[in-house]
Amino acid sequence: AAAANDGADSVETTALLTTWPAPLDRPLKLGALTAHFLTTTSALRDEGLRMEHCVGSYASHCLFDGTTIVSLRNNDDRSVSTAELRLVGSGERLGFELVQHKAQRNGCPSTLAAQAMARLLERLADDGLQQRLQQMREQLMKRRALDGNRQRWLAATPLAPHRQHGLKTALK
């Protein structure tokens, strides 16, 4: 029974260190654009390649720092901009602050994207999301307790920052 439990703990640990929750379960339509929450390392990598910026390297921020990455996409599912939001607050009231919002190649987002981001932040401030945000914070605390110095995550992640440097050096 202990061995079976160790396996279950290992699966839970792996899940906690490879995915993270989003404030909403599905994409949110914001006028002409739709907000997609990126919750895996591969989704971040794909967005970074698509938008030609560094969001692909933000997994540790999402796992350990309370970061949520949002891709704003048009009706053709093409990324228009990417934003970094951070879970903030204390006690019973949590919310998100906008850390950065970038278009392709770290350009300035369009007026349309900026307006959609403002609508998204309003939606995320809704009192009805407080339970979900509290759950997100609880999972964040679990990940920090499991791997506060990020060593387990770094060892298990093929494209963690320390490995990216070695790969870039080898490819020169």
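Here, the structure is the one placed above.
In this text the structure is predicted, and so the values were computed from the model without any measurement.

> Explain the overall build of the protein residue by residue, including any values.
Broken down by element type, the protein carries seven helices and five strands. Along the protein, from the amino end to the carboxyl end, the secondary structure elements read α-β-β-α-α-β-β-β-α-α-α-α. Burial statistics for the protein: of 172 residues in total, 37% are counted as buried. Considering only contacts within the protein whose residues lie at least 6 apart along the sequence, 58% involve residues at least 24 apart. Here the protein has roughly 9600 Å² of accessible surface; of this, 52% comes from carbon and sulfur atoms.

> So, the side chain of Ser 60: which residues are in play, and what are the values?
Topologically, Ser 60 is positioned in helix H3 (residues 59-64). The class of Ser 60 is buried, set by a relative accessible area of 8%. Contact partners of Ser 60, with chain neighbours within four places excluded, come to Asp 65, Arg 150 and Trp 153.

> Tell me about the sheet that holds strand S1 (residues 28-30), residues and numbers included.
Spatially, the five strands line up as an open sheet ordered S1-S2-S3-S4-S5, and their pairing is antiparallel. The strands lining the two open edges of the sheet, one partner per strand, are S1 and strand S5 (93-102). Averaged over neighbouring strand pairs, the angle between their axes works out to 30° when direction is ignored. Along the sheet face, helix H2 (residues 41-51) touches strand S2 (33-38), strand S3 (67-73), strand S4 (79-90) and S5 and points at about 135° away from the line of S4.

> Which residues make up empty space enclosed by the protein, and what values do they have?
Throughout the structure, instances matching the rule amount to two cavities of 30 Å³ or more. When its volume is computed, the largest cavity comes out at roughly 100 Å³. Forming the walls of the largest cavity are His 53, Cys 54, Val 55, Tyr 58, Ile 69, Thr 82, Ala 83, Glu 84, Gln 100, Lys 102 and Asn 106. Elements that contribute at least two residues to the lining of the largest cavity include exactly S4 and S5. In terms of residue count, S4 provides more of the lining of the largest cavity than any other element does, three residues in total. Split into classes, the residues belonging to the lining of the largest cavity amount to five nonpolar, four polar and two charged. Every residue lining the second largest cavity is listed: Trp 20, Pro 21, Cys 62, Gly 66, Thr 67, Thr 68, Leu 87, Met 136, Leu 140 and Arg 143. Secondary-structure elements contributing two or more residues to the lining of the second largest cavity are S3 and helix H5 (130-147). Examining the composition of the lining of the second largest cavity, we find that three residues originate from one element, H5, more than from any other. Class assignment for the residues of the lining of the second largest cavity results in six nonpolar, three polar and one charged.

> Tell me what's going on with the environment of Pro 109, and back it up with residues and numbers.
Locating Pro 109 in the fold gives a position in the loop between S5 and helix H4 (111-124). For the pair formed by Pro 109 and Ser 81, sequence separation is 28 residues and the distance between their alpha carbons is 6.1 Å. Pro 109 has contacts with Ser 81, His 101, Lys 102 and Ala 103, leaving out every residue within four places of it along the chain.

> How would you sum up H5? Please name residues and give values.
A turn of α-helix holds 3.6 residues, and therefore any two residues three or four places apart point the same way. Taking 1.5 Å of rise per residue, 18 residues should cover 26 Å, and H5 covers 26 Å from first to last C-alpha, within 8% of that figure. Listed as buried for H5 are Gln 130, Leu 133, Gln 134, Met 136, Leu 140, Arg 143 and Asp 147.

> Residue-level account of the pairing of S3, with values.
It is a general feature of regular strands that their side chains alternate between the two faces of the sheet. Among the seven residues of S3, seven are classified as buried, and the element is accordingly described as predominantly covered. Burial along S3 is two-sided: Thr 67, Ile 69, Ser 71 and Arg 73 facing one way and Thr 68, Val 70 and Leu 72 facing the other are all buried. As paired elements, S2 and S3 share five bridges and run antiparallel to each other. Residue Ala 35 lies in a different strand from S3, and its bridge partner there is Leu 72. Sheet topology places S3 next to S4; seven bridges connect them, and they run antiparallel. Following the sheet pairing, Thr 68 is matched in S4 by Leu 85. Between the antiparallel neighbours S3 and S4 lie five residues, among them Asp 77 with a positive phi of about 65°.

The rules behind each value
Residues numbered from 1 in each chain as written. Predicted model: local features only at pLDDT ≥ 70, side-chain atom pairs only at ≥ 80, totals over all residues. Heavy atoms only, no water. Helix = DSSP H or I, 4+ residues; strand = E, 2+ residues; numbered from the N terminus. Buried < 20%, exposed > 50% of the residue type's maximum accessible area, 1.4 Å probe, protein only. Contact = heavy atoms within 4.5 Å. Areas by Shrake-Rupley, 256 points an atom, 1.4 Å probe, with all protein chains shown as cover. Pairing = 2+ DSSP bridges. Axes fitted to C-alpha atoms, helices over the stretch in contact; angles between N-to-C directions. 1 Å grid on protein atoms, 1.4 Å probe; cavity = no way out; pocket = protein on both sides within 12 Å on 5 of 7 lines; lining within 4 Å. Points joined across faces, edges and corners; volume = space filled by probe spheres on them. Nonpolar A, V, L, I, M, F, W, Y, C, P; charged D, E, K, R; others polar. Expected span 1.5 Å × (residues − 1).

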